[in-house]
Structure formats: C-alpha cells, structure tokens
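Structural characterization, general
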Amino acid sequence: MKISGGVSFNQTAYSAWGMESRRDPYRYILSGNLNFDVYGMAIPLSFTYSNQDFNYNQPFNQFTISPSYKWLNFQLGYGNVSFSPYTLGGHTFLGAAVSGSPNDRWDFSVMYGRLREAVIYDEENENGEPSFRRMGYGFKTEYRHKSGNIGVTLFKAKDDPSSYQSDSIPEGFLPQDNLSTSVYFGQEIVNNLTIQSEIGVSILTTNTNAEKTENKGTDWLFNSRTSTSSYWAGNFGLNYQLKTWVLGASYERIGPEYRTLGSYYANNDLETMSLNINGALFNSKVNIGGNFGTQRNNIDGENSSDMSNFNMALNLNWIVSKKVNTSFNYSNFRSYTVIRDQFEVINQSDPLHQFDTLNYTQLTDAGNLSVNWNISGSKKIIQNLNLNLNYQQTSDQQSDQAVNNANSQFWNGALGWNWGNKPLDLRLGFSANGSYSFAGNDIPSTFTAGPTISCTKGFLDKKIKARTSVSMNQSRSDNIVQSTVISWRLGTSTTLKKSHSFNLSSALMNRQRKNEAEDNSITELTVTLTYSYRFSAFNKKEEKTNLNNN
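Residues numbered from 1 in each chain as written. Predicted model: local features only at pLDDT ≥ 70, side-chain atom pairs only at ≥ 80, totals over all residues. Heavy atoms only, no water.

**Regarding the overall build of the protein chain**
- Along the protein chain, the regular secondary structure elements total 2 helices and 28 strands.
- By residue count, 27% of the 550 residues in the protein chain fall in the buried class.
- Pairs at least 24 apart in sequence give 51% of the contacts found in the protein chain among residues at least 6 apart.
- Surface summary for the protein chain: the accessible area is close to 34700 Å², and the carbon and sulfur share equals 55%. (Helix = DSSP H or I, 4+ residues; strand = E, 2+ residues; numbered from the N terminus. Buried < 20%, exposed > 50% of the residue type's maximum accessible area, 1.4 Å probe, protein only. Contact = heavy atoms within 4.5 Å. Areas by Shrake-Rupley, 256 points an atom, 1.4 Å probe, with all protein chains shown as cover.)

What follows is the structure, given as structure tokens:
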C-alpha cells in the first residue's frame, strides 16, 4: 500500500485606510489531500476548511471518492458525467458511476444516482425553488474500428411525487419524467474524407399525474401520458484533408422546446451551419485558419420574433525568423433580430399584407496582433521583447438607423521587455500598458496608462527566491485626471527538503481620486503567508522489498 498527499495552510492579513475594509482583517484556509494506492486501486480524498465557512455546520458538505482498478474507473458520492449534450450533459448527481476501456476499441460508462433532492417551497426565500427528488440512470458505449466509430447513449430520469412532504404545492409545480437517447458515428468514406453525425431524441412528460396513453410495449421503460411530447436534435459534419490543408463543414438542428433532464441548460429552436479551413504555407512558416458560420432560431416560424447571426473568425501565425514570430486574429459577429407585432398576425385578413416589423442589428468586431522578438537566447543571457494590441468595436442599428450611444470602441496595448542572467539567477522586466475606451457620443472617453517594473532574484544556490514589482497607472477622462494608482508587491519563497514550502507575499496599493473634494486617498495592504507540506509513505512490506532490491 502507498500513501501520498499534502496539506496547505494559507493565512491572509488585510488593512485599509481611507475607506471601509472590503474583506475580513484575517482569514485562513486549511486544505489537504490523501491518496491511497491499495493493490493497484487508487482512492483519493481531499478537504478544505476556512474560517469564512461560518454559514455551514461543517467545512464541506459534498464528497467524492474516485478509485480505479486496472481499466476500471469509479465515482462514488457526488460526481458528474457527460454522455452527450442531447442526453446527459454534466449534471451533478449523488450516487455511483463506472467507466472503463476493456480494450483499445471499446469504451463504456454507466451511472445511477440522485439528480435533485426534495426541497419544500418557502415563501420567505425569494430565490428558493421547490423540487421533487429526482433519480436517474444512464449508460454510454462506443466501439471504434479501423476507419471510424459508433456509439449509443441513453438517459432516464424521473421525479418522485411522494418525496414532496407538504400539503401546499405551488401552482405549476409538477413531477416530470424523461427518456432521452442518441446515436452517433464517425466514418472515413474515402482517403482523407471523414464524416460524423449524431441524432438525439428526448421524450418528456411534464406531468406524471396526467392520464396514461397506449405505450405499445414500452411500459417497462417509459410510461406515455397525455402530457408527453417527443423532440429531436441532430448534427452532421465532414472534414477533408488535402496535404497541409483541412476543409470542414458542419450542420446542427435542435428542435423547438428540446429539453432533457440530464442538463441544467439546453439550447433549442436553433439551426447552425459553419465552414472552416486550416492550412500551412511556406514550409509551415505561415499558418492560416478561418471559420464562417450562421445561426438562426424560430425554425418553425411560430414565434413573434426572429433572430439570426453571422460570425467570422480569421487567424494567421507567421514565423518571420528564428527569433521573430507574429500572430493576428480577427473576428466579426453580426446579429439580426426581426420583431413582429403578434396581434397583426392574429388579426390578419389579407394573406398578402406586409406586416410592420422592427429590425435590430448588433455588430461586433474584434482584432488582436502580437509580435515576439527573442533578442538573445544564449546559455547565460536571455532577452526578449513582445508587443500585444487588442481592438474591439460594437454598434447597434434599428431599421437601418444608428442607435444613439450604441457605438463603443476599446483599445488595449502592452509592450514588454524581459532580461535574465542564468548564472546570477536574476530576472528584470519592464512593461508599458495602455487602454482607451469610447462608449458613445454623450459619454466621455477614458484613457488609462502606466508602467510596471519587476525583479526576481535567487539566493543560496537558488534555494530562496525573492521578487518585487512596482507599477503606476493613471486614468483620464476627456483629458482630465480621474485617478492615480500606485502599487508595490514584495515576496519571497523557499523549499526545504523537497517537502516543506514557504511563501510570503505582500501587496501595498494607494489610489487617489481627483474629482472629489474630500480626502480621496485610499490605501490597502494585504500580506499572505502560505505553508505547504507534501509526503509519500509506504507500508513495511514494500519498504523491505525496496531495500532488498537496492
């Protein structure tokens, strides 16, 4: 048997002058973990305790044990499993799950547990939501062959009406039942051309108290009722590789009201199409990628409003030389919304009548440029210079007319220089940062800029690391100084006997605002001390074996 793990104790002290404290003057966090390895079975345990957990009667109220044995993996306690976005998509449950790969071609996963516990409605708790106890189970299996794969997922969840021990049931609060399944596959049709697809079906009963209907031999799995409806979703994609280029296309349709009890949130009533291209030029010195897609809702045309969008993303990476490389990214998003008066549709008498509509368009552009120059990379001295620029613009339009104060721009730039001496274990850094934002004609623009200087030094054969940095930034609005912030950070760390680690850090920040008549100087001091210990132990039998082997 092997036992390993660690413990960490973090303490933070905080003080503020010129303002009310934004946190407790002292806090601590004690955390640890244990890992047991018994005859190849791994059993990890972990805990966290803090003096800020005063709202709870115990430091933690959820636990998970994840043992494993050979090709089997287990989850016991609280866990989550993802089969498919159309069936079980990461919902937390209390129970057990088993997954494994008996061989290189076959995978499987099984789960069973409680998805929701019974909660009685409380009128005094505005955020409280009543619920029945909901139990669920599911499985997923996949088989891979030489040129593709095929898989099946199934998930079943049902509410227990008897778990709600109260005479008063809120209006509209009804027990539900759900059966969802999906089939997916991937296949190489010809050389370098592959396709993949998934079809999902969800059968949902919104009231298990409703009258039953004919099930046609499926009573053992699902009871159909008058409140039962079925929904479907699916996707399809293909990829074609041509030397150093990859071309791809995908299509997804999620029907209106598609929902599964295995996900907290599910998209529905959406149709999405996309094209993508990726490739390399000039012996892979230039890499280009692009993605173009559209998305729309109101697939059946039964809603009073339509929304569609178009998005485009381009990226380029260029290795200029062994020392210089650059990258550029650009994305464009267009969202179109058409709103119709529902009463005009209801009261329509002329089928050829053109309804009055409100057209709303939202546009977003974003770009990024980065350049890195490795000035020196010798065994003793390292030195590099990097530049990063970001740009984003958003604007809104209604019926081809620009909306006031709806056009905003944001610029951000950073220039950094780093120098290091390996024999001296010394690193120096300097950076200049700036940002500019413009939110509309009636809102003043804001500009913030300032430098940062940093230094890191090792002592006693690199056993102790000391670091410090000083930064200053100033914000202006319409060329009038609004605030100035100066911060100083200082810290040191060391490790003893590869098991004991100490880290001490402090941050002192002073902020001065220029647009207030009163004393507007604010100072905050934060000091943090962290101790960590790691250990690994063997039982006596293994220790004796290790000694004999040596």
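**Concerning the pattern of salt bridges**
- Under the criterion given, the structure shown has 11 salt bridges.
- The salt bridge partner of Arg253 is Asp300, with a shortest N-O separation of 3.7 Å. Remark: Asp300 occurs in the loop between β16 (286-297) and β17 (305-319) and Arg253 occurs in strand β14 (residues 245-254); sequence separation between them is 47 residues.
- For Asp300, a relative accessible area of 46% translates into the label partly exposed.
- Beyond isolated ion pairs, a larger network of salt bridges with shared partners links Asp107, Glu142 and Arg144. (Salt bridge = Lys/Arg side-chain N within 4 Å of Asp/Glu carboxyl O.)

**Side note on the side chain of Ser487**
- The residue Ser487 is located in strand β26 (residues 480-496) in this model.
- Look at Ser487 and you get buried, because its relative accessible area is 14%.
- A distance of 2.6 Å separates a polar atom in the side chain of Ser487 from a polar atom in the side chain of Ser471.
- The contact partners of Ser487, leaving out residues within four places of it in the chain, are Ser469, Val470, Ser471, Leu508 and Met509. (Polar contact = N/O pair within 3.5 Å; in protein donor to acceptor, adjacent residues only side chain to side chain.)

**Things to note about the packing of aromatic side chains**
- Summed over all chains, the structure comprises 12 aromatic pairs.
- On the numbers, 6.4 Å between centres and 75° between planes, the contact of Trp71 with Phe108 is edge-to-face. On the criterion of sequence distance, the pair formed by Trp71 in the loop between β5 (68-69) and β6 (72-82) and Phe108 in strand β8 (residues 106-116) is long-range, its members being 37 residues apart.
- By relative accessible area, Trp71 is classed as partly exposed at 39%.
- Between Trp106 and Phe108 the ring centres are 5.5 Å apart and the planes differ by 35°, which places this aromatic pair in the tilted class.
- A relative accessible area of 35% means that Trp106 is categorised as partly exposed.
- By way of ring pairs, the aromatic residues Phe9, Tyr26, Tyr28 and Tyr49 are connected into one cluster.
- For the cation-ring pair, Arg23 lies above Tyr14, with the distance from its terminal atom to the ring centre recorded as 4.9 Å. (Phe/Tyr/Trp six-rings, centres within 6.5 Å; stacked < 30°, edge-to-face > 60°. Lys NZ or Arg CZ within 6 Å of the ring centre and 35° of its normal.)

**Details of the nonpolar core**
- Of all hydrophobic cores here, the largest spans 16 residues; its most connected members are Val81, Leu88, Phe93, Met111, Phe155 and Tyr258.
- Mapped by element, the contributors of at least two residues to this core are β7 (89-100), β8, β10 (148-160) and β13 (228-242). (Core = buried A, V, L, I, M, F, W, Y, C linked by side-chain atoms within 4.5 Å.)

**Quick word on a nonpolar patch on the surface**
- A cluster of nonpolar side chains, namely Leu281, Phe282, Ile288, Leu316, Trp318, Val320, Phe328, Leu369, Leu387, Leu389 and Leu415, defines an oily patch on the protein surface of about 910 Å² accessible area.
- Elements supplying a minimum of two residues to the nonpolar patch: β17 and β20 (381-398).
- A relative accessible area of 31% means that Ile288 is categorised as partly exposed. (Patch = residues over 30% accessible without salt bridge, like charges linked within 9 Å, V, L, I, M, F, W, Y side chains within 5 Å.)

**Here's the deal with the pairing of strand β15 (residues 270-281)**
- In the sheet, β14 pairs with β15 via 10 bridges, with the strands oriented antiparallel. Bridging across to β15, Val246 finds its partner in Asn278.
- Pairing analysis gives 12 bridges linking β15 to β16, with the strands arranged antiparallel. Residue Gly279 lies in a different strand from β16, and its bridge partner there is Ile288.
- In this structure, the hairpin formed by β15 and β16 is closed by a connection of 4 residues, where Phe282 is found at a positive phi of approximately 55°. (Pairing = 2+ DSSP bridges.)

**A few points about the environment of Leu281**
- Here Leu281 is to be found in strand β15.
- Beyond its immediate chain neighbours, meaning those up to four positions away, Leu281 contacts Trp245, Val286 and Ile288.

**So, the side chain of Ser263**
- Along the chain, Ser263 falls in the loop between β14 and β15.
- Side-chain polar atoms of Ser263 contact the backbone nitrogen of Gly89, separated by 3.5 Å.
- The residues touching Ser263, leaving out its near neighbours within four places in the chain, are Pro85, Thr87, Leu88, Gly89 and His91.

**Regarding the confidence of the model for the protein chain**
- Considering every residue of the protein chain, the mean pLDDT works out to 85; 85% of them sit at 70 or more.
- A low-confidence stretch, residues 540-547 (pLDDT under 50), is modelled with 3 contacts involving residues beyond four sequence positions or located in other chains. (pLDDT = per-residue confidence, 0-100.)

**Describing the pairing of β14**
- Pairing analysis gives 10 bridges linking β13 to β14, with the strands arranged antiparallel. Residue pairing in the sheet places Asn235 in a bridge with Glu252 of β14.
- Connecting the antiparallel pair β13 and β14 is a turn made up of 2 residues, with Lys243 showing a positive phi of about 55°.

**With respect to the environment of Ser202**
- Inspection of the secondary structure assignment puts Ser202 in strand β12 (residues 193-205).
- Linking Ser202 and Trp232, residues 30 residues apart in sequence, is a C-alpha distance of 6.2 Å.
- Aside from chain neighbours lying at most four places away, what touches Ser202 is Asn178, Leu179, Ser180, Ser229, Ser230, Tyr231, Tyr258, Arg259 and Thr260.
- One polar contact links Ser202 to Asn178, side chain to side chain, over a distance of 3.0 Å.

**Digging into unusual backbone geometry**
- Even without being a glycine, Asn298 presents a positive backbone phi close to 55°.
- Relative to the helices and strands, Asn298 resides in the loop between β16 and β17.
- Accessibility expressed as a relative area gives 5% for Asn298, which makes it buried.
- The phi angle at Leu460 is positive, at roughly 50°, despite the residue not being glycine.
- We classify Leu460 as exposed; its relative accessible area is 60%.

**Looking at the environment of Phe83**
- If you trace the backbone, Phe83 turns up in the loop between β6 and β7.
- For Phe83, a relative accessible area of 7% puts it in the buried group.
- When the C-alpha positions of Phe83 and Lys140 are compared, they lie 6.3 Å apart, and in sequence the two are 57 residues distant.
- Beyond its immediate stretch of four places on either side in the chain, Phe83 contacts Leu88, Ser109, Met111, Gly138, Phe139, Lys140, Thr153 and Leu154.

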